[in-house]
Amino acid sequence: MQNVLSIVKANVNDLYLREYLLYLKSDKGARPKTLIGYEADLRRFMNHFSTRDVLELRQQDIREYKFSLVDAGLAPRTVNRAISVIRSFYEYFVDHDDYAIAKNPAKHIQGMKVPKTVPITLGEQQAKTLLDGIMLTGRYAVRDYAIFATFLFTGVRVSELIALKTYDVNFEEGYIHVRDGKGGKDRVIPMIPQLANALQLYLQNGIVYEEIQKKKRKSRHEINRYRCGRKYFVTDEDDQTLFLTKYGKPYSEKGIDWLFKSYAKKLGIYKDGLSLHALRRSCLTFLHKQGVDLFVLREISGHARVQTLEHYLAIDTSKVMDAMKRHPLHSHQLDHGLVEMVRSR
DNA sequence: GTGTTCCTAATGCTTATACT
DNA sequence: AGTATAAGCATTAGGAACAC
């Protein structure tokens, strides 16, 4: 009997869940990642009350659920989000009168205090070490240099980086077009010459040193530290994704994460909590330290509500370019002195 | 064995809203 | 107006699987 009841309730809850998600998607226009996160949170919640119709829960039940999360050792942020999702979920059913629920049982559940944390960034010296180290030791140095130079000189997010297409890099006008960034927003970021060079090298031939050009490439396996421009990674169908894995496929976020961590560890700049987002923070911090004003920083980082390209073009691009030139790594170049060192090994 | 992806729980970051 | 919290959107991390 208990089993039958449980199955029936679970189905009812599942129906609620599906309806709510549909509403989020079609009425609120929620982004895919929001949908995924919300669904996970709600499923966990419903599993906790699998024998009950969740619309019949009381405030006390929600409170008990919150305690169970805290008990499970989840971080305050996680608990708060879980509660926030549940609250929104009930709000929907309270607002739609086809349901016999008059009050939102999660309405007055308090969030936990979230401790302040110090964001981790890479110091200037460490950023230099990263770029130099890639050139010296990277198996796919040209590609990897281009990837991390892009992070450090533009402050893009990983998701934005892996979505970049070759035609998003505009060498004539000197900017990178970020489409569909967080929240579905577009923006363009000025590209300083050093970054343009790195990307051009990667796009044009990917051969670091002239003499290597003379050797013939026998197979794909010959891609190496010197010879790793984009064209060497391209396989049969090319969707113009800018950064490709050695299999010729677009990178996943985890792939870049792995790449970064392995370099960071190899080069001795890894620290706890160091992540790709630290590169974004580093870029913005560098610029901020140089006295770049917040308005400009917002433009670069995409925090402003710059919704469209047209919108962006209205702002003073030269100001932003000036700002970018004050990036402390802006004079960082491929050091041909390294050639000798590398060759002599 | 290395580089990469896939899966999924956990949590960080950014923007919107509420409160004072 | 400034700060705190909520809501919304994204990244991080760990481990298994898999291609080369």
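Residues numbered from 1 in each chain as written. Chains lettered and ligands numbered in written order. Predicted model: local features only at pLDDT ≥ 70, side-chain atom pairs only at ≥ 80, totals over all residues. Heavy atoms only, no water.

## Regarding the protein's contact with DNA strand C
Moving on, step 1. Among the 25 residues in the neighbourhood of DNA strand C, the closest are listed as Thr34, Arg87, Ser159, Lys261 and His277.
Moving on, step 2. Within 4 Å of the protein, the contacting atoms of DNA strand C are drawn from sugar and phosphate to the extent of 68%.
Moving on, step 3. Interatomic distance of 3.1 Å between a side-chain N/O atom of Ser275 and a phosphate oxygen of DNA strand C.
Moving on, step 4. A distance of 2.7 Å separates a phosphate oxygen of DNA strand C from a polar atom in the backbone of His277.
Moving on, step 5. When residues of the surface near DNA strand C are traced back to their parent elements, those giving at least two are helix 2 (32-48), helix 4 (76-95), helix 7 (158-163), helix 10 (253-266) and helix 11 (276-289).
Moving on, step 6. The element that contributes the greatest number of residues to the surface near DNA strand C is helix 4, accounting for four residues. (Near = heavy atom within 4 Å. Polar contact = N/O pair within 3.5 Å; in protein donor to acceptor, adjacent residues only side chain to side chain. Helix = DSSP H or I, 4+ residues; strand = E, 2+ residues; numbered from the N terminus.)

## Quick word on the nonpolar core
Moving on, step 1. Formed by 52 residues in total, the largest nonpolar core has its most connected members in Leu130, Phe148 and Phe151.
Moving on, step 2. Of all the elements in the fold, those that place two or more residues in this core are helix 5 (124-137), helix 6 (141-154), helix 7, strand 2 (175-178), helix 8 (193-204), helix 10 and helix 11.
Moving on, step 3. Excluding residues within four positions of it along the chain, Phe151 makes contact with Val156, Arg157, Val158, Leu161, Ile256, Leu276, Leu279 and Cys283.
Moving on, step 4. Core analysis: the second largest hydrophobic core is formed by 29 residues, Phe45, Ile62, Tyr65 and Ile86 among them. (Core = buried A, V, L, I, M, F, W, Y, C linked by side-chain atoms within 4.5 Å. Buried < 20%, exposed > 50% of the residue type's maximum accessible area, 1.4 Å probe, protein only. Contact = heavy atoms within 4.5 Å.)

## Observations regarding the protein's contact with DNA strand B
Moving on, step 1. Residues in close proximity to DNA strand B total 24 residues, the closest being Arg44, Ala75, Thr78, Ser252 and Arg281.
Moving on, step 2. When contributions to the surface near DNA strand B are tallied by element, the ones reaching two or more residues are helix 4, helix 10 and helix 11.
Moving on, step 3. Per-class residue counts for the surface near DNA strand B are six nonpolar, six polar and twelve charged. (Nonpolar A, V, L, I, M, F, W, Y, C, P; charged D, E, K, R; others polar.)

## Focus on the pattern of salt bridges
Moving on, step 1. Following the criterion strictly, the structure yields nine salt bridges and no others.
Moving on, step 2. We note a salt bridge from Glu39 to Arg43, for which the minimum N-O separation is 2.9 Å. Separated by four residues within a single helix, Glu39 and Arg43 lie in helix 2, roughly one turn from each other.
Moving on, step 3. The exposure class assigned to Glu39 is partly exposed, which follows from its relative accessible area of 27%.
Moving on, step 4. The class for Arg43 is partly exposed, based on a relative accessible area of 37%.
Moving on, step 5. The closest approach of N and O atoms between Arg143 and Asp144, which form a salt bridge, is 2.9 Å. Considered together, Arg143 and Asp144 belong to a single accessibility category, that of buried residues.
Moving on, step 6. Connected through salt bridges with shared partners, the residues Asp14, Arg18, Glu39 and Arg43 form a single ionic network. (Salt bridge = Lys/Arg side-chain N within 4 Å of Asp/Glu carboxyl O.)

## With respect to the packing of aromatic side chains
Moving on, step 1. Scanning the entire structure with this criterion turns up 17 aromatic pairs.
Moving on, step 2. Judged by centre distance (5.5 Å) and plane angle (75°), the rings of Phe45 and Phe49 are edge-to-face. Across this residue pair, the class does not change: Phe45 and Phe49 are buried.
Moving on, step 3. Centroid distance Phe148 to Tyr263: 6.2 Å. Interplanar angle 85°. Geometry classified as edge-to-face. Residue Phe148 is located in helix 6, and its partner Tyr263 is located in helix 10; the two are separated by 115 residues in the primary sequence.
Moving on, step 4. On the basis of relative accessible area, Phe148 is assigned to the buried category, the value being 0%.
Moving on, step 5. Overall, Tyr263 belongs to the buried group, its relative accessible area being 3%. (Phe/Tyr/Trp six-rings, centres within 6.5 Å; stacked < 30°, edge-to-face > 60°.)

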